[in-house]
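For reference, the chains in residue letters:
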Amino acid sequence: HKSAGRHVLDAAYGSGSAADNNDVFEELEEAGQLPQWHAEELYFFALTRTQPITHYVTLSERARELKVEALLAHHYQYTSRPEASESVSWVGTTIAREVGVDGLVEGFQGFF
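Because the structure is predicted, anything quoted here is derived from the model rather than measured. (Residues numbered from 1 in each chain as written. Predicted model: local features only at pLDDT ≥ 70, side-chain atom pairs only at ≥ 80, totals over all residues. Heavy atoms only, no water.)

Glancing now at the nonpolar core. Grouped together as the largest cluster of nonpolar side chains are five residues: V68, L71, Y78, A84 and V88. Of all the secondary structure elements, the ones that give two or more residues to this core are α3 (61–72) and α4 (81–99). When sequence neighbours within four positions are dropped, the list of residues in contact with Y78 reads L71, L72, E83, A84 and S87. (Core = buried A, V, L, I, M, F, W, Y, C linked by side-chain atoms within 4.5 Å. Buried < 20%, exposed > 50% of the residue type's maximum accessible area, 1.4 Å probe, protein only. Helix = DSSP H or I, 4+ residues; strand = E, 2+ residues; numbered from the N terminus. Contact = heavy atoms within 4.5 Å.)

Written out as structure tokens, the structure is:
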């Protein structure tokens with residue numbers, strides 16, 4: 001996931017990004033006649049102390065359940081609802097503790 005995130009950051013954000021530089025993939029610009037574009041903001045899920053949490057959102061019960069369902073789709077990693085539910089709860093409370101709030105939250109690192 002970290003490697004994919006770095007590629008997204010390089011491709012979509014900052015001056016010289018692939019999205020803002022038609023010289024990187026000239027053939028794609030010519031074939032698709034796609035205009036250059038620039039992301040004003042980019043957010044990545046943040047969990048570790050080495051990836052600062054700049055923004056967070058509180059998870060509603062519905063959002064929590066959707067996250068559990070999404071984890072259950074990774075059936076090789078999560079084999080039961082209690083296991084997936086515990087993972088969502090652990091991440092949500094860990095991030096809440098990091099940012100100093102109660103409940104379950106998701107943290108993000110924003111780039112502007």
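Let's pick the thread back up.
The residue S85 is located in helix α4 in this model. Classification of S85 by relative accessible area gives buried; the value is 18%. For S85, the residues in contact, after removing those within four places along its chain, are R64 and V68.

Turning next to α3. For α3, with 12 residues, the first-to-last C-alpha span of 17 Å sits near the 16 Å given by 1.5 Å per residue. Residues R64, V68 and L71 constitute the buried set of α3. Angular distribution of buried residues about the axis of α3 spans 65°; they occupy a single face of the element. The inward-facing, buried residues of α3 contact α4. (Expected span 1.5 Å × (residues − 1). Arc of directions from axis to C-beta.)

By the alternation rule, side chains of strand β1 (residues 42–45) split into L42 and F44, which are all buried, and Y43 and F45, of which none is buried. Two strands pair when backbone bridges link them, and β1 and strand β3 (residues 105–111) are joined in this way by four bridges, in the antiparallel orientation. Its bridge partner being in β3, L42 is matched across the sheet by F111. (Pairing = 2+ DSSP bridges.)

Turning our eyes to something else, we now look at the environment of L59. The residue L59 is located in the loop between β2 (55–58) and α3 in this model. Residue L59 is classed as buried on the basis of its relative accessible area of 15%. For the pair L59 and E106, spaced 47 residues apart in sequence, the C-alpha to C-alpha distance is 6.9 Å.

The subject of this paragraph is the confidence of the model for the protein. Mean pLDDT over the protein stands at 85; residues scoring 70 or higher make up 92%. For the protein, helix α2 (residues 26–32) is the element with the lowest average pLDDT, namely 71, and α3 is the one with the highest, namely 96. (pLDDT = per-residue confidence, 0-100.)

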